[in-house]
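# Results of the structural survey
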Amino acid sequence: MLRKAFLVAALGWGTVAGAASPHEFTAQVDLRFVAVDTPLTSFVDGGLGLLRFDEEHDGLQLGFLMLDYAGPVTDTVRATATLFATDDGDKNPIDMTEAFLEWRPVPSSVWRWRSKLGAFYPPISMENRGIGWQSLYTLSPSAINTWIGEEIRTIGGEVSLTNAGAGVGRPFDFGVVLGIYGWNDPMGILIRQRGWALHDRQTPLFGRLPQTEVVQFGPDQLEFFAEIDNRPGFYAGAEFSYRDRVVLRALRYDNRGDPAATNGNEFAWLSRFNAYGLRVEFPAGWTFIAQRMDGDTAVAPSPDGRGAGILDYWSDFAMVSRSFGRHRLSARYDRMQAETVRGAAFFDSWQYGHAWTLAYFLDLNDSWQIVAEALRNDSRLRQRSLAGLPTAATEDSLQLALRYSFGT
């Protein structure tokens, strides 16, 4: 199936190669050699491992096949759509992660409006700035941005307003953003059942993951983008940018879920968090990035309406990266924690962990890229005891990726 999809993509992209066009098509194939040392089964197969691959998947693996399109609909409206295939048994062999329209009217002052409508990522990640919401610095993004890729998508609309300092000779910009969305009521289920993870697998819009092995309630397959309580969620944030060298963001996210609402198969979750991010570009190709997220998620009816089961969670990371010529080297340190503060008798979820990631990128030319990554994740996860496993585990991963990209 994947070979057929790749052939169709290659033929389609080949018909436009070399032609001047405002329509941007990109196809990327990522093949990996994987070596993992872990006592756990990956969450992709229903286990409590926090990496994408486990020891049963050592050797040659498909990292992904990505197809991305971006192009104009009118002079001020642009369309974007991204599809991924990961060959790991998901419901659809190839599926969509984002699809949206973006409207940028011609500015008449220093204020810049932008509106988006469709399915897309909220403006949180400071790492995932590449095509297809990929990290520019590592194969596996931080725990924060891993979770965003797993459970969070804006399916709705977003409006942002930016004051561009260049128009008045000022070296900085500032702006605000507001998003309204639905179909995100299951958000929080994965972090409560399995905890924070580190990997590059994005959940597609129509995809799913198996229920973890210690959970004996709810559906066998987790689907993350569903509307259960008919209550829209929102996020609101602000950004400050100095000459594009310093970017500072803050955002409040609230899916306004009703913990008592159910569709007969699963409950809605009330999930809220604050997110903060900083990126600084230094001379000589140095970059520093830091992010933090803290919040809570709740599920099931309770007399006070807050939810019978409540989990508090937080994570942060710091990363240093340097690009030089065709090379980029990055090092990141993550911390993560989650703790049940209500309903422990029903399901006691607790996690504390930290992780180190070291990655090296080499651009061989405009089409070929080699990426090497070493990751160590040390975690304590109370849920493992329910499966007869030690709560503490160290998971080591080495990945060597060969990527080929082509398009217009």
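Only a predicted model underlies this, so the values are computations on that prediction, with no experimental measurement involved.

## Details of the overall build of the protein
The secondary structure content of the protein amounts to 3 helices and 18 strands. Radius of gyration (C-alpha) of the protein: 21 Å, near the 22 Å computed for a compact globule of 408 residues. Each principal axis of the C-alpha distribution contributes one length, and for the protein these read about 60 × 45 × 40 Å. A total accessible area of about 17800 Å² is found for the protein, and carbon and sulfur atoms account for 59% of it. The averaged location of the 48 negative side-chain charges in the protein is 6 Å from the averaged location of its 38 positive side-chain charges.

## Brief notes about the packing of aromatic side chains
The geometry of an aromatic ring pair is captured by two quantities: the separation of the ring centres and the angle between the planes. If you walk through the whole model with that rule in mind, you get 17 aromatic pairs. Pairing W147 with Y313 gives two aromatic rings, centres 5.3 Å apart and planes at 70°, and the pair type is edge-to-face. Placement of W147 in helix α2 (residues 143-151) and of Y313 in strand β14 (residues 309-324) is noted, with a sequence separation of 166 residues between them. Residues W147 and Y313 agree in their burial class; the two are buried. Aromatic ring contacts, followed pair by pair, group W147, Y181, W196, Y235, Y253, F273 and Y313 into a single cluster.

## Quick look at unusual backbone geometry
The phi torsion at W183 lies on the positive side, around 55°, for a residue other than glycine. Along the chain, W183 turns up in the loop between β7 (172-182) and α3 (189-193). Residue R243 is not a glycine yet carries a positive backbone phi of 50°. Positionally, R243 belongs in the loop between β10 (233-242) and β11 (246-254).

## Considering α2
For α2, the tally of buried residues reaches 9 of 9 residues, placing the bulk of the element in the interior. Within α2 the residues assigned to the buried category are A143, I144, N145, T146, W147, I148, G149, E150 and E151. Against the buried residues of α2 lie α3, β12 (269-281), β13 (286-299), β14 and β15 (327-342).

## Some thoughts on a negative patch on the surface
On the surface, a cluster of negative charge is contributed by D37, D45, E55, E56 and D58. Its place among the elements puts D45 in the loop between β1 (24-37) and β2 (59-72). Given the relative accessible area of 44%, D45 is considered partly exposed.

## Some details on a nonpolar patch on the surface
A surface patch of nonpolar side chains, amounting to about 440 Å² of accessible area, comprises W111, F174, F240, Y242 and L248. Residue position: W111 is located in strand β5 (residues 111-120).

## With respect to the side chain of D54
Mapped onto the elements of the fold, D54 is located in the loop between β1 and β2. Of the buried charged residues, D54 lacks a salt bridge, with R52 as the closest side chain of opposite charge at 11 Å. Separated by 2.7 Å, the side chains of D54 and H57 make a polar contact. Setting aside chain neighbours within four positions, we find D54 in contact with V36, T38, L40, T41, S42 and D45.

## Some details on the nonpolar core
In this structure, W147, I148, W196, Y253, F273, M293 and Y313 are the most contacted members of the largest nonpolar core, which totals 38 residues. When contributions to this core are tallied by element, the ones reaching two or more residues are β1, α2, β7, β11, β12, β13, β14 and β15. Of all hydrophobic cores here, the second largest spans 13 residues; its members include F43, L209, L222 and F225.

## Description of the pattern of salt bridges
Going through the model one piece at a time under the given rule, you end up with 23 salt bridges. Notably, a salt bridge pairs R32 with D30, separated by 2.8 Å at the nearest N-O pair. Relative accessible area serves as the criterion here: at 0%, R32 is assigned to the buried category.

## Concerning the confidence of the model for the protein
Averaged over every residue, the pLDDT of the protein is 92; residues scoring 70 or more account for 94%. In the model, residues 1-19 has pLDDT below 50 throughout and makes 23 contacts with residues more than four positions away in sequence or in other chains.

## Some thoughts on the environment of G237
Secondary-structure assignment places G237 in strand β10. The class for G237 is buried, based on a relative accessible area of 13%. Sequence separation between G237 and E24 is 213 residues, and the spatial gap between their C-alpha atoms is 30 Å. When neighbours within four sequence positions are excluded, G237 is seen to be in contact with G175, V176, V177, A250 and L251.

## A few points about the environment of M187
The topology assignment puts M187 in the loop between β7 and α3. You can call M187 buried: its relative accessible area is 0%. Sequence separation of M187 and G343 is 156 residues, and the distance between their C-alpha atoms is 18 Å. Setting aside residues no more than four positions away along its own chain, M187 makes contact with W147, E151, I152, Y253, N255, W269, S271, F273 and T297.

## Quick word on the pairing of β7
In the sheet, strand β6 (residues 154-163) pairs with β7 via 9 bridges, with the strands oriented antiparallel. Counterpart to T162 in the pairing with β7 is G175. Here β7 pairs with β10 via 10 bridges, running antiparallel. The residue of β10 that forms the bridge with I180 is F234.

What counts and what doesn't
Residues numbered from 1 in each chain as written. Predicted model: local features only at pLDDT ≥ 70, side-chain atom pairs only at ≥ 80, totals over all residues. Heavy atoms only, no water. Helix = DSSP H or I, 4+ residues; strand = E, 2+ residues; numbered from the N terminus. Rg over C-alpha atoms; globule rule 2.2 N^0.38 Å. Areas by Shrake-Rupley, 256 points an atom, 1.4 Å probe, with all protein chains shown as cover. Lys, Arg positive; Asp, Glu negative; His and termini not counted. Charge placed at Lys NZ, Arg CZ, Asp CG, Glu CD. Phe/Tyr/Trp six-rings, centres within 6.5 Å; stacked < 30°, edge-to-face > 60°. Buried < 20%, exposed > 50% of the residue type's maximum accessible area, 1.4 Å probe, protein only. Contact = heavy atoms within 4.5 Å. Patch = residues over 30% accessible without salt bridge, like charges linked within 9 Å, V, L, I, M, F, W, Y side chains within 5 Å. Salt bridge = Lys/Arg side-chain N within 4 Å of Asp/Glu carboxyl O. Polar contact = N/O pair within 3.5 Å; in protein donor to acceptor, adjacent residues only side chain to side chain. Core = buried A, V, L, I, M, F, W, Y, C linked by side-chain atoms within 4.5 Å. pLDDT = per-residue confidence, 0-100. Pairing = 2+ DSSP bridges.

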